Amino acid sequence: MQNNLTDFQWSVLTAIQKIPFGETRSYQWVAGKIGKPKAARAVGQALNKNPYAPTIPCHRVVCADGSLGGYAGGSRLKKFLLNMEKESLNHFCKK
DNA sequence: TGTCCGCGGGTGT
DNA sequence: ACACCCGCGGACA
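Everything numeric in this text was worked out from a predicted model, so none of it was measured. (Residues numbered from 1 in each chain as written. Chains lettered and ligands numbered in written order. Predicted model: local features only at pLDDT ≥ 70, side-chain atom pairs only at ≥ 80, totals over all residues. Heavy atoms only, no water.)

Description of the nonpolar core
Link 1 in the chain: Counting 16 residues, the largest nonpolar core has Val12, Ile16, Val30, Val43, Leu47 and Val61 as the members making the most contacts within it.
Link 2 in the chain: The leading source of residues in this core is helix 1 (residues 7-17), at 4 residues.
Link 3 in the chain: When residues no more than four places from it in sequence are discounted, the contact partners of Val30 are Val12, Ala15, Ile16, Val43 and Val61. (Core = buried A, V, L, I, M, F, W, Y, C linked by side-chain atoms within 4.5 Å. Buried < 20%, exposed > 50% of the residue type's maximum accessible area, 1.4 Å probe, protein only. Helix = DSSP H or I, 4+ residues; strand = E, 2+ residues; numbered from the N terminus. Contact = heavy atoms within 4.5 Å.)

And the structure:
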């Protein structure tokens, strides 16, 4: 309940924060980055609670095979956000 | 393609 | 301290 997250949580949050705009990473990618390649579920668990919801682009985190997986706000929204990011990025590039 | 098991950690009891 | 939960992943049927 504390704002004080554990080392594990911080690792996940910071790792996801580093995901560039319009990019997507898998839970396993994040898990491996924090030194726990098998902790993909734990990563998802942390994101689900997402103590820093607007701070963490959890929608950029997808399944290892590229599926959206799940999303606290709804997979539909997640897909929409990712698509919007890509479109925005492409728009800037094309512009 | 669908289902089951296993790994890792969180939160609640 | 124990049990159940979770946004996965990979293996097996």
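Comments concerning the confidence of the model for chain A
Link 1 in the chain: Taken residue by residue, chain A gives an average pLDDT of 90. The fraction at 70 or more is 96%.
Link 2 in the chain: The weakest mean pLDDT in chain A belongs to helix 4 (residues 75-94) at 89; the strongest belongs to strand 2 (residues 61-62) at 96. (pLDDT = per-residue confidence, 0-100.)

Some remarks on a nonpolar patch on the surface
Link 1 in the chain: Together, Leu77, Phe80 and Met84 make up a nonpolar patch on the protein surface, roughly 250 Å² of accessible area in all.
Link 2 in the chain: Along the chain, Phe80 falls in helix 4.
Link 3 in the chain: By relative accessible area, which is 44% here, Phe80 ends up partly exposed. (Patch = residues over 30% accessible without salt bridge, like charges linked within 9 Å, V, L, I, M, F, W, Y side chains within 5 Å. Areas by Shrake-Rupley, 256 points an atom, 1.4 Å probe, with all protein chains shown as cover. Salt bridge = Lys/Arg side-chain N within 4 Å of Asp/Glu carboxyl O.)

Digging into the side chain of His59
Link 1 in the chain: In this structure, His59 sits in the loop between helix 3 (40-49) and strand 2.
Link 2 in the chain: For His59, a relative accessible area of 12% corresponds to the buried category.
Link 3 in the chain: Non-local contacts of His59, meaning those with residues more than four positions away in its chain, are made with Tyr71, Lys78, Leu81, Leu82 and Glu85.

Looking at the packing of helix 1 against helix 3
Link 1 in the chain: Put simply, helix 1 and helix 3 touch, their axes get as near as 10 Å, and they point 80° apart. Between helix 1 and helix 3, the interaxial angle falls into the category roughly perpendicular. Facing helix 1, whose interface residues are Phe8, Gln9, Val12 and Ile16, helix 3 presents Ala42, Val43, Ala46 and Leu47.
Link 2 in the chain: Of the residues that constitute the contact of helix 1 with helix 3, the class distribution is 7 nonpolar, 1 polar and no charged. (Axes fitted to C-alpha atoms, helices over the stretch in contact; angles between N-to-C directions. Parallel < 35°, antiparallel > 145°, perpendicular 65-115°, else oblique. Nonpolar A, V, L, I, M, F, W, Y, C, P; charged D, E, K, R; others polar.)

Re the packing of aromatic side chains
The description of an aromatic ring pair uses the distance of the two centres, along with the angle that the planes make with each other.
Link 1 in the chain: The full count for this structure, using the stated rule, is 1 aromatic pair.
Link 2 in the chain: Considering the side-chain rings of Trp10 and Tyr52, the 5.8 Å spacing of their centres and the 40° angle between planes classify their relative orientation as tilted. Separated by 42 residues along the polypeptide, Trp10 in helix 1 and Tyr52 in the loop between helix 3 and strand 2 bring together distant segments of the chain.
Link 3 in the chain: Trp10 gets classed as partly exposed once you look at its relative accessible area, which sits at 38%.
Link 4 in the chain: In this arrangement the basic side chain of Arg25 is found over the ring face of Trp29, its NZ or CZ atom lying 4.9 Å from the centre.
Link 5 in the chain: The ring of Phe80 has Arg76 lying over it, and the distance from NZ or CZ to the ring centre is 5.7 Å. (Phe/Tyr/Trp six-rings, centres within 6.5 Å; stacked < 30°, edge-to-face > 60°. Lys NZ or Arg CZ within 6 Å of the ring centre and 35° of its normal.)

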